[in-house]
Amino acid sequence: MTIQAVIFDIGRVLIGWDPEGFYDRLMPRAERERMFSETGIDDVNLSIDRGAPFRETIFALAERHPEWADMIVKWHHNWTDMAQPVIPHSVRLLRALKARGVPVFALTNFGAETFEIAKGPYPFFAEFDRAYVSAHLGVLKPEPRIYEIVEEDCGLPPGGLLFTDDKADNIAAASARGWQVHHFEGPEGFAARLVAEGLLNEGEAA
């Protein structure tokens, strides 16, 4: 089936997402691993991606773990330091598709407030034709409902959607619904896929 829209994940596809690296620059790795394990901060972040309020959730976690409180609040205060760098080639692909008139959507596990914060350093967050943000929808990838919501909202057939994501589980869930998929391991591979699908030429995909 002809591809009618291209759908990007954001974290690790268009921008970096590396909280481990951020904290490893602040403390020994073993200490960071202990903090993450004892506080469950990754799971707390998923609750934010599902719609929990950003500041209140992080500060409540800090209150529950006073030993780590100063470090935990950095998840809020220094969030943009974890959500970097931009992946320029991926952004060029997004913009080249738009210039070709190909609808470009985002489907991302992201907090509501952090999605707005990111529009400052990353103006291309506002360039998607449609943005499906987990916190707005109250459901996360790879839960089937989030893909169903995209289908219902955009009105396009599953086979007409090409979705790229760095996580195999998210790709598998989309594929199970009949979406065309690309497991993102770098922008060069995705560029080649877009050329192979006839969506861009080699110059546009460079």
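We now turn to the structure provided with this report.

**Side note on helix α12 (residues 168-176)**
The α-helix winds at 3.6 residues per turn, so residues separated by three or four positions along the chain end up facing the same way.
Logical step 1: Of the positions making up α12, those classed as buried are N170, I171, A173 and A174. Axial view of α12: buried residues confined to an arc of 160°, hence all on one face. Projecting away from the buried face of α12 at angles above 90 degrees are the exposed residues D169 and A176.
Logical step 2: As for α12, its buried residues are in contact with α11 (144-154), β4 (161-165) and β5 (180-183).
Logical step 3: One or two positions beyond α12, positive phi appears at G178, with a value near 95°.

**Details of the pairing of β4**
Both faces of the sheet carry side chains from a regular strand, because those side chains alternate between them.
Logical step 1: Taking burial as the measure, the five residues of β4 include five buried ones, the bulk of the element.
Logical step 2: By the alternation rule, side chains of β4 split into L161, F163 and D165 and L162 and T164, which are all buried.
Logical step 3: For strand β1 (residues 5-8) and β4, the ladder comprises four bridges, and the chain directions are parallel. Pairing of I7 across the sheet is with F163, part of β4.
Logical step 4: Looking at chain direction, β4 and β5 are connected through four bridges and run parallel. From the neighbouring strand, D165 faces β5, where its bridge partner is H183.
Logical step 5: Following the backbone out of β4, through α12 and into the adjacent parallel β5, one traces a crossover that is right-handed.

**Some points on unusual backbone geometry**
Only a minority of non-glycine residues have a phi that is not negative, and only a minority of peptide bonds are not trans.
Logical step 1: Cis peptide bonds are those with omega within 30 degrees of zero, and the linkage from Q84 to P85 qualifies with 0°.
Logical step 2: In this structure, P142 follows K141 across a cis peptide bond, with omega equal to 5°.
Logical step 3: Secondary-structure assignment places P142 in the loop between α10 (134-137) and α11.

**Thoughts on the sheet that holds β4**
Logical step 1: Strand order in the open sheet made by the five strands is β3-β2-β1-β4-β5, with parallel pairing throughout. Each edge of the sheet is formed by a strand with only one pairing partner; in this case those strands are β3 (130-133) and β5. Within this sheet the neighbouring strands show an average axis-to-axis angle of 20°, counted without direction.
Logical step 2: Relative to the sheet, helix α8 (residues 88-99) contacts β1 and β2 (104-108), its axis offset from that of β1 by approximately 155°.

**Things to note about the side chain of T114**
Logical step 1: With respect to the element layout, T114 can be found in helix α9 (residues 112-118).
Logical step 2: T114 gets classed as buried once you look at its relative accessible area, which sits at 4%.
Logical step 3: For T114, the contacting residues outside a window of four places in its chain are F54 and W79.

Parameters at a glance
- Residues numbered from 1 in each chain as written.
- Predicted model: local features only at pLDDT ≥ 70, side-chain atom pairs only at ≥ 80, totals over all residues.
- Heavy atoms only, no water.
- Buried < 20%, exposed > 50% of the residue type's maximum accessible area, 1.4 Å probe, protein only.
- Helix = DSSP H or I, 4+ residues; strand = E, 2+ residues; numbered from the N terminus.
- Arc of directions from axis to C-beta.
- Contact = heavy atoms within 4.5 Å.
- Pairing = 2+ DSSP bridges.
- Right-handed = clockwise from strand over helix to strand, strands pointing away.
- Axes fitted to C-alpha atoms, helices over the stretch in contact; angles between N-to-C directions.

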